Amino acid sequence: MDFEPYRGELTAYCYRMLGSYEDAEDQVQESLLRAWKARDRYDPVRASVRTWLYRIATNVCLTALDGRARRPLPSGLGAPGEDPRVPLVPAPDIPWLEPFPDARFDLEARADLRLAWVAAVQLLPPRQRAVLVLREVLGFTAAEVAGQLETTVAAVNSTLQRARATLAIAGGRTELSELTEPDDPEAREVVQRYARAFEAADVPALVRLLAEDAILEMPPVPLWYLGRQDYGRFMDRVFEMRGRGWATRRLTANGQPALAMYLPEAESEDAFRLHSLQVFTVHGGRITHNVVFADPRLLKVFGLPLRTSSEKLRRER
């Protein structure tokens, strides 16, 4: 039995459940190991290999989630900040939501990998998460999900209704169908203009690309800002602290346009080091949300060079 063709979609499923790419990889590995050990007991009459694997992965994820806190973004924990000069103190004790490296997997649909949606899903109890993702994202029937969770069809339908109600309040699905995809020409142009403005340290140009109620957040720092004005004031601080001359590389994360941000090295005129990953939500020709990840452990999974040159960055655009 060859389980490898299912690894990508299982990783995306476990990521939606757990909110962590590294945890998802670990749980998929555990799921495939369990499947391999139980392969002699697999009954093709009762379920397809895919349905059987999802049953195993679901149980593995539910066990992993037992007693764990949800993975939020800063905007899910409190009111926005008003002072752009407060100390940027990380909160490593909070299990923050992590980004998903699109380029590592060939997935058909990525809309339900978007950061805002996955963050909203984290509000659900684990079994509600499983039912919601299995039914609404992956398209399993209520009977199949009942078999995977060892429950009844009526219980699955009831659980799904509760999950939908919670998600509607959180706003996790409201705009998914309206958001532009990373390869949409309008989204590409907006992000390219943002990259040029960032490289020029042109804060007014950055602000012109933002929606009026744009959000900026930077896990693991438990701060976030709401609105063009505070976003711009914070960017003034960034360039004061880190200097000018940044370089960027375009990519995608969570099915969203993203930029890898590189700082110039002090000791060389044409050397840059990886600083952060910025993941954008673009809607109506404006950036409505920017989540900035700067944890080196998270950046590593994107396979980005830690150091590079302007020539290499030009070739990779």
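Definitions and limits used
Residue numbers restart at each chain and count upward from 1, following the sequence in its written direction. Residue-level local features of this predicted model are given only where pLDDT is at least 70; pairs of side-chain atoms are given and counted only at 80 or more, and the full residue set underlies all totals for whole chains, interfaces and linings. Derived side-chain values reflect all non-hydrogen atoms in the structure, with water molecules and hydrogen atoms excluded from consideration. Any residue with an atom within 4 Å of a point lines the site, the site being either a cavity, points on a 1 Å grid over the protein atoms alone where a 1.4 Å probe fits but cannot get out, or a pocket, an open set with protein on both sides within 12 Å along at least 5 of 7 lines. Grid points are joined across faces, edges and corners, and a volume is the space filled by probe spheres set on the points. Under the DSSP-based scheme used, a helix requires at least four consecutive residues in state H or I and a strand at least two consecutive residues in state E, with every element numbered from the N terminus. For every residue, the accessible area (1.4 Å probe, protein chains only) is compared with the maximum for its type, and the residue is labelled buried under 20%, exposed over 50%, or partly exposed between those bounds. Whenever two N or O atoms come within 3.5 Å, that pair is a polar contact, provided that in protein one can donate a hydrogen and the other can accept it, and provided that, for residues adjacent in sequence, both atoms are side-chain atoms. Here, residues are in contact when the closest pair of their heavy atoms is within 4.5 Å. For every element, the axis is a line fit to its C-alpha atoms; helices are fit only across the contacting stretch, and the angle between N-to-C directions ranges from 0 to 180 degrees. Under this scheme an angle from 65 to 115 degrees is roughly perpendicular, one under 35 degrees roughly parallel, and one over 145 degrees roughly antiparallel; angles in between are oblique. Crossing chirality is assigned from the near helix's rotation relative to the far helix, an anticlockwise turn below a right angle marking it left-handed and a clockwise turn marking it right-handed. Amino acids are sorted into nonpolar (Ala, Val, Leu, Ile, Met, Phe, Trp, Tyr, Cys and Pro), charged (Asp, Glu, Lys and Arg) and polar (every other residue, Gly among them). As used throughout, the charge tally considers Lys and Arg to be positive and Asp and Glu to be negative, leaving His and the chain termini uncounted. A carboxyl oxygen of Asp or Glu within 4 Å of a side-chain nitrogen of Lys or Arg is what we treat as a salt bridge. In this text, buried Ala, Val, Leu, Ile, Met, Phe, Trp, Tyr and Cys residues form a nonpolar core when linked through side-chain atoms within 4.5 Å. Between the first and last residue of a helix there are one fewer steps than residues, each counted as 1.5 Å, and that sum is the expected span. Think of it this way: a Phe, Tyr or Trp ring, Trp meaning its six-membered ring, pairs with another when their centres are within 6.5 Å, and the plane angle makes it stacked under 30 degrees, edge-to-face over 60, tilted otherwise.

Chemist: It is not clear to me how empty space enclosed by the protein should be interpreted in this structure. Could you clarify?
Modeler: Rolling a probe over the atoms, with the probe sized like a water molecule, indicates the empty space that remains. All told, the structure shown has one cavity of 30 Å³ or more when counted by the stated rule. Roughly 30 Å³ of internal volume is contained in the largest cavity. Together, Leu115, Ala116, Gln256, Val279, Thr281, His289 and Val291 line the largest cavity. Residue assignment for the lining of the largest cavity shows that the elements contributing at least two residues are helix H4 (115–121), strand S5 (272–283) and strand S6 (286–293).

Chemist: Honestly, the side chain of Arg71 in this entry has me stumped. Any pointers?
Modeler: Inspection of the secondary structure assignment puts Arg71 in the loop between helix H3 (49–65) and H4. According to the relative accessible area criterion, Arg71 is buried, its value standing at 13%. A polar contact of 3.4 Å, which involves the side chain of Arg71, links it to the backbone oxygen of Leu18. Polar contacts involving the side chain of Arg71 include one to the side chain of Asp23, which spans 3.3 Å. Setting aside anything within four residues of it in sequence, one finds Arg71 in contact with Leu18, Gly19, Ser20, Asp23, Pro95, Trp96, Leu97, Glu98 and Gln122.

Chemist: It is not clear to me how the packing of H3 against helix H6 (residues 142–149) should be interpreted in this structure. Could you clarify?
Modeler: How two helices sit against one another is set out by the angle between their axes and by the gap between those axes. For the pair H3 and H6, the least separation of the axes is 9 Å and the interaxial angle reads 50°. The orientation of H3 relative to H6 falls into the category oblique. In the packing of H3 onto H6, the handedness of the crossing is right-handed. Here H3 contributes Thr51, Tyr54, Arg55, Thr58, Asn59 and Leu62 to the contact with H6, which in turn contributes Glu144, Gly147, Gln148 and Leu149. Of the residues that constitute the contact of H3 with H6, the class distribution is three nonpolar, five polar and two charged.

Chemist: Is there a simple way to think about the side chain of Arg129 in this case?
Modeler: Here Arg129 is to be found in helix H5 (residues 126–137). No salt bridge is formed by the buried Arg129. Its closest oppositely charged neighbour is Asp23, at 9.5 Å. Look past the residues within four positions of Arg129 in its chain and what remains in contact with it is Met17, Leu65, Arg70, Val121, Gln122 and Leu124.

Chemist: How do you make sense of the nonpolar core when you look at a structure like this?
Modeler: Soluble globular proteins tend to pack their nonpolar side chains together in the buried interior. Tyr13 and Tyr15 are the most contacted members of the largest nonpolar core, which has 71 residues in total. For this core, the element with the most residues is H3, which contributes 10 residues. Discounting chain neighbours no more than four positions away, the residues touching Tyr13 are Tyr54, Ala57, Thr58, Ala130, Val133, Leu134 and Leu138. Listed in part, the 32 residues of the second largest apolar core include Ala205, Met218, Tyr231 and Met235.

Chemist: Honestly, helix H7 (residues 153–170) in this entry has me stumped. Any pointers?
Modeler: Count 3.6 residues to each turn of an α-helix, and residues three or four apart come out pointing the same way. Between its terminal C-alpha atoms H7 stretches 26 Å, which fits the 26 Å expected from 18 residues at 1.5 Å a residue. Summarising the contacts, the buried residues of H7 are in contact with H4, H5 and H6.

Chemist: Can you help me understand the pattern of salt bridges in this one?
Modeler: Pairs can form between side chains of opposite charge once their charged atoms are near each other. Summed over the entire model, instances satisfying the criterion amount to 16 salt bridges. Here Arg50 and Glu9 are joined by a salt bridge, their closest N and O atoms 2.9 Å apart. Here Arg50, found in helix H3, pairs with Glu9, found in helix H1 (residues 7–18); they are 41 residues apart in sequence, far enough to count as distant. Salt-bridge contacts for Arg68 lead to Asp23; the nearest nitrogen and oxygen are separated by 3.0 Å. With a gap of 45 residues between them, Arg68 in the loop between H3 and H4 and Asp23 in helix H2 (residues 21–37) connect regions that are remote in the sequence. The class for Arg68 is partly exposed, based on a relative accessible area of 41%. By relative accessible area, Asp23 is classed as buried at 15%. Through salt bridges that share partners, Glu22, Asp23, Arg68, Arg71, Glu98, Asp295 and Arg297 make up one connected network.

Chemist: What should I look at first to understand the packing of aromatic side chains in this one?
Modeler: Each pair of aromatic rings is reported with the distance of its centres and the angle of its planes. Overall, the coordinates contain 13 aromatic pairs when judged by the stated rule. Arranged with centres 6.2 Å apart and planes meeting at 55°, the rings of Phe3 and Trp52 form a pair that is tilted. Of this pair, Phe3 sits in the segment before H1 while Trp52 sits in helix H3, placing them 49 residues apart in sequence. The class for Phe3 is buried, based on a relative accessible area of 6%. With a centroid separation of 5.1 Å and 65° between ring planes, the pair formed by Phe198 and Phe239 is classed as edge-to-face. Of the two residues, Phe198 sits in helix H8 (residues 185–199) while Phe239 sits in helix H10 (residues 228–242), which places them 41 residues apart along the sequence.

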